[in-house]
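# Overview (structure and organization)
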Amino acid sequence: MVEVQTLTDTSVFGQIAEHQHEQVVFCHDQETGLRAIIGIHNTVLGPALGGTRMWHYASDAEALNDVLRLSRGMTYKAAISGLNLGGGKAVIIGDAKTMKTEALLRKFGRFVKNLNGKYITAEDVNMTTKDMEYIRMETKHVAGLPESMGGSGDPSPVTAYGTYMGMKAAAKKMYGSDSLAGKRIAVQGVGHVGTYLLEYLQKEGAKLVLTDYYEDRALEAAARFGAKAVSLDEIYDQEVDIYSPCALGATINDDTIDRLKCRIVAGCANNQLKDEEVHGPGLVERGILYAPDFLINAGGLINVYSEVVGGSRQSALTQTEKIYDFTLQVFQRAEQEQSHPQHAAIRQAEERIAALGKVKSTY
Ligand code: NAD
């Protein structure tokens, strides 16, 4: 789950400067064992909204690297999706199975409260809507609450829908038709989003191959969706049209890029390219079309945003459907600029932030 990046300056401020963050908050509480980092990347468009991830990081440096990369991605995701939100993310260091308690989550909630709305938290890996309820007891700056509490509920179905739209746009660009009928698609990770995505793909008649860290989960999904299950490592060698990373970040790296036999990469995982400047162009050189991760996995954020501004699940789905057009626009821009899609998408997001930088926030 951790996406480590090679940095030129590994000091804390060196890393913050390299990623251009506004603020990074280190949270510590002796009694509950809380060690957390909140990364606020950019608040030009609005408050920094992004989930909290709980993970047993091997080191504090790894946790910092993860939160910096993830929060930067949230800035771009919100900007390119037309949302009035900035980018932020938080990580809690520790094993969610053994360390996550009500007291720890509420203590974390108080740190979020102290930021006075500059950062709004939500769910991410190893966090549940129940955990959000505990955080809500301390601060109102939390989204992704259960529907029973007036929240927007599980964002995964909406994320899957957006990823599906982005994948179809990529098929349109590569094959001239956005139909996925008969297309061979390899899905890596059949968790929340992966499973909803498989539903769409099966309905359209795609030929599916999948894997998951948990073998029983993979076998169950294979039986349910008429797919072939393969081992974790074999997923990279599949003769497919589309590889869909729906588990980890950084799966497109020096070790895997030459093994890919697909024409399209389109999945929901965050930070799929280990090094954007190496592996983005690397995919182009290999004739593989990359649908930018932060663009096509924005459905979840769009759904959470609807909770913040008072929209409905239906309005979130309508907005998410636009990912299809946005993805085609990004491909066109990449072609015109002779760059790669991730680069084109970042430029598009940055342009919106720059253009609106002097406009007063609506919050
Ligand atoms: P999840 O934890 O429900 O599912 C991830 C699945 O990947 C699990 O089944 C896990 O066993 C599996 N996995 C872990 N390591 C693996 C490996 N090495 N190989 C194959 N499978 C492996 O998470 P999710 O909510 O479905 O999210 C999936 C990805 O999408 C994550 O990277 C997440 O950050 C990203 N994402 C999720 C949302 C959302 O709405 N849930 C929104 C945007 C981005």
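The name an unreviewed UniProt entry gives the chain is Glu/Leu/Phe/Val dehydrogenase, with Hymenobacter guriensis as the organism. Under the Sequence similarities (unreviewed entry) heading, UniProt states for the chain: "Belongs to the Glu/Leu/Phe/Val dehydrogenases family."

## Details of the overall build of the chain
What the chain contains, in helices and strands, is 14 helices and eleven strands. A compact globule built from 363 residues would reach a C-alpha radius of gyration of about 21 Å, and the chain, at 19 Å, matches this within 12%. Counting across all 363 residues of the chain, residues that qualify as buried make up 58%. Within the chain, residue pairs in contact and separated by at least 24 positions form 67% of the contacts whose partners lie at least 6 positions apart. Split by element, the accessible area of the chain, about 15300 Å² in all, is 49% carbon and sulfur.

## Structural notes on the site of the ligand
Surrounding the ligand, one finds 23 residues, the nearest of these being Thr159, His192, Val193, Asp212 and Arg217. With respect to the ligand, the side chain of His192 contributes an N or O atom lying 2.7 Å from an oxygen atom. Interatomic distance of 3.0 Å between a backbone N/O atom of Ala247 and an oxygen atom of the ligand. Taken by itself the ligand offers 820 Å² of open surface, and the protein chains cover 84% of this.

## Quick word on empty space enclosed by the protein
In total, this model carries one cavity of 30 Å³ or more according to the counting rule given. Considered as a void within the structure, the largest cavity measures approximately 100 Å³ in volume. Lining the largest cavity we find 14 residues, and of these Arg69, Gly73, Met74, Asn271 and Phe294 sit closest to its centre. The greatest single-element share of the lining of the largest cavity, amounting to seven residues, is contributed by helix H2 (residues 60–80). Tallied by class, the residues present in the lining of the largest cavity amount to four nonpolar, four polar and six charged. Counting contributing residues per domain, the lining of the largest cavity is built from domain 1 (12–149) and domain 2 (156–297 + 330–344), each supplying no fewer than three.

Rules used throughout
- Residues numbered from 1 in each chain as written.
- Predicted model: local features only at pLDDT ≥ 70, side-chain atom pairs only at ≥ 80, totals over all residues.
- Heavy atoms only, no water.
- UniProt positions renumbered as here; feature names shortened; annotations may be inferred.
- Helix = DSSP H or I, 4+ residues; strand = E, 2+ residues; numbered from the N terminus.
- Rg over C-alpha atoms; globule rule 2.2 N^0.38 Å.
- Buried < 20%, exposed > 50% of the residue type's maximum accessible area, 1.4 Å probe, protein only.
- Contact = heavy atoms within 4.5 Å.
- Areas by Shrake-Rupley, 256 points an atom, 1.4 Å probe, with all protein chains shown as cover.
- Near = heavy atom within 4 Å.
- Polar contact = N/O pair within 3.5 Å; in protein donor to acceptor, adjacent residues only side chain to side chain.
- 1 Å grid on protein atoms, 1.4 Å probe; cavity = no way out; pocket = protein on both sides within 12 Å on 5 of 7 lines; lining within 4 Å.
- Points joined across faces, edges and corners; volume = space filled by probe spheres on them.
- Nonpolar A, V, L, I, M, F, W, Y, C, P; charged D, E, K, R; others polar.
- Domains from an automatic or database assignment.

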